[in-house]
Each structure stands twice: as C-alpha cells, then as structure tokens.
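Fold and contact review
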Amino acid sequence: MGINGDNNRVAGRDYYEHNTILKLTSEQLRQVAIKPCARCEDRVVSADVTICNHCRYELKTQARNERLLRFGFMIMLVWGALLQLLNSRSPDIPPVSFFEIGAISTMLVLLGAALWNEFRQWWILNGSVVLSLVGKLLIRLIRGNK
Ligand SMILES: [Zn+2]
C-alpha cells in the first residue's frame, strides 16, 4: 500500500485522491449543513426545514386524533342536550328515538363544523378588514363620548 495514495485498493477498486479543495460559499454551506430536529432532537434535518418527517407525521396524527376527539365530544354534548330537552317534555324515550337523536346530533355537528370552516375561510380573507373597521368604530365611539 503506497503511503502517498498511489494504487491503493479499497474493496477491490482503485480510488483516486482528488486533491481539490472543496470551495463553498456560505450560502451553499448553509444549504448542505444538517441540524438536529427542533422537536425530537434525535434525527437530523436539512437546513431548510425545522422538524423531521417522523415528527411531522406524529404531529399530523396527533392533530387528527384531537379533531376526532373534539368531534365526538361535540356530538355527545349535542346528543345529551337534545335528550334532556326531549326528556323534559316526555318522561320516557323509546330506544329507537335515542339513536335517531344521535344521528340528528351527528348531522347537526357536521353542519356546524362545515359552517365553522366556511366562517374561518371567510375570516382568513376578510378578518383584518373587519378588525380594522371595528377598531375605527371603537375609536370614533370613544372620541364621541368625550
Ligand atoms: Zn423529529
């Protein structure tokens, strides 16, 4: 094995020493650099993202579970409220209408969620305008009272 690197064989192959110096700009260095994931700090990510794929998947699953839980909770709430409302009118509810009320409350919650999503979309588009209008109105009210 030649000390100066000539004819060295690694795994049956000759390798060549490239006596070139890798020159990267600081921008390129930042792009190829890796850093630990901001969430788990176990895995490394490239510079342009903050959390690793594993954490992103975990967060997505968590968000979905929370949404499902909230959804189920809302259905229970509406179901209970409807049952109580009907119970105050007639003392005994036959078992069929119990599940009918459950279906109705599920539909109500679905409708509510759809309306809420619509509102949120609208608010994303128009929220800042509404807030600034309210602000101007408040200022006018306060000045008018003086
Ligand atoms: Zn991570």
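This one's a predicted model, so the numbers in the text were calculated from it and none came from an experiment.

**Details of the coordination of the zinc ion**
Ligation of the zinc ion by protein atoms is provided by Cys37 (SG), Cys40 (SG), Cys52 (SG) and Cys55 (SG), these donors lying 2.2 to 2.3 Å from the ion. Here the zinc ion binds four donor atoms, and the angle range of 104 to 117 degrees at the metal identifies the geometry as tetrahedral. In terms of primary sequence, the donors binding the zinc ion are separated according to C-x2-C-x11-C-x2-C. Here cysteine 55 lies in helix α2 (residues 53–89) and cysteine 40 lies in the loop between β3 (34–36) and β4 (44–46), a separation of 15 residues in the sequence. Cysteine 40 sits in the partly exposed class, given a relative accessible area of 22%. A relative accessible area of 1% means that cysteine 55 is categorised as buried.

**Comments concerning the UniProt feature "transmembrane region" (unreviewed entry) in the protein**
Under the UniProt annotation, "transmembrane region" (unreviewed entry) lies at residues 68–86, 98–116 and 122–142. Counted over residues 98–116, helix gives 100% and strand 0%. Its end C-alpha atoms are 27 Å apart. In residues 122–142, the share of helix is 100% and the share of strand is 0%. The end C-alpha atoms are 29 Å apart.

**Some remarks on a nonpolar patch on the surface**
On the surface, a cluster of nonpolar side chains totalling about 550 Å² of accessible area is made up of Trp116, Phe119, Trp122, Trp123 and Leu131. Checked against the element boundaries, tryptophan 116 lands in helix α3 (residues 95–145).

**A short note on the packing of aromatic side chains**
Applying the stated criterion across every chain, the model contains seven aromatic pairs. Here tryptophan 79 and phenylalanine 99 contribute two aromatic rings whose centre-to-centre distance is 6.5 Å and whose plane-to-plane angle is 65 degrees, an arrangement assigned as edge-to-face. Taken together, the positions of tryptophan 79 in helix α2 and phenylalanine 99 in helix α3 put the pair 20 residues apart, joining distant regions of the chain. For phenylalanine 99, a relative accessible area of 57% gives the class exposed. With a centroid separation of 5.1 Å and an interplanar angle of 85 degrees, the aromatic rings of phenylalanine 98 and phenylalanine 99 are classed as edge-to-face. By relative accessible area, phenylalanine 98 is classed as partly exposed at 33%. One aromatic cluster in this structure is built from Trp116, Phe119, Trp122 and Trp123.

The rules behind these values
Residues numbered from 1 in each chain as written. Predicted model: local features only at pLDDT ≥ 70, side-chain atom pairs only at ≥ 80, totals over all residues. Heavy atoms only, no water. Donors = N, O, S within 2.8 Å, 3.2 Å for Na, K, Ca; no water. Tetrahedral: all angles 85-135°; square planar, octahedral: opposite > 155°, others 65-115°. Helix = DSSP H or I, 4+ residues; strand = E, 2+ residues; numbered from the N terminus. Buried < 20%, exposed > 50% of the residue type's maximum accessible area, 1.4 Å probe, protein only. UniProt positions renumbered as here; feature names shortened; annotations may be inferred. Patch = residues over 30% accessible without salt bridge, like charges linked within 9 Å, V, L, I, M, F, W, Y side chains within 5 Å. Areas by Shrake-Rupley, 256 points an atom, 1.4 Å probe, with all protein chains shown as cover. Salt bridge = Lys/Arg side-chain N within 4 Å of Asp/Glu carboxyl O. Phe/Tyr/Trp six-rings, centres within 6.5 Å; stacked < 30°, edge-to-face > 60°.

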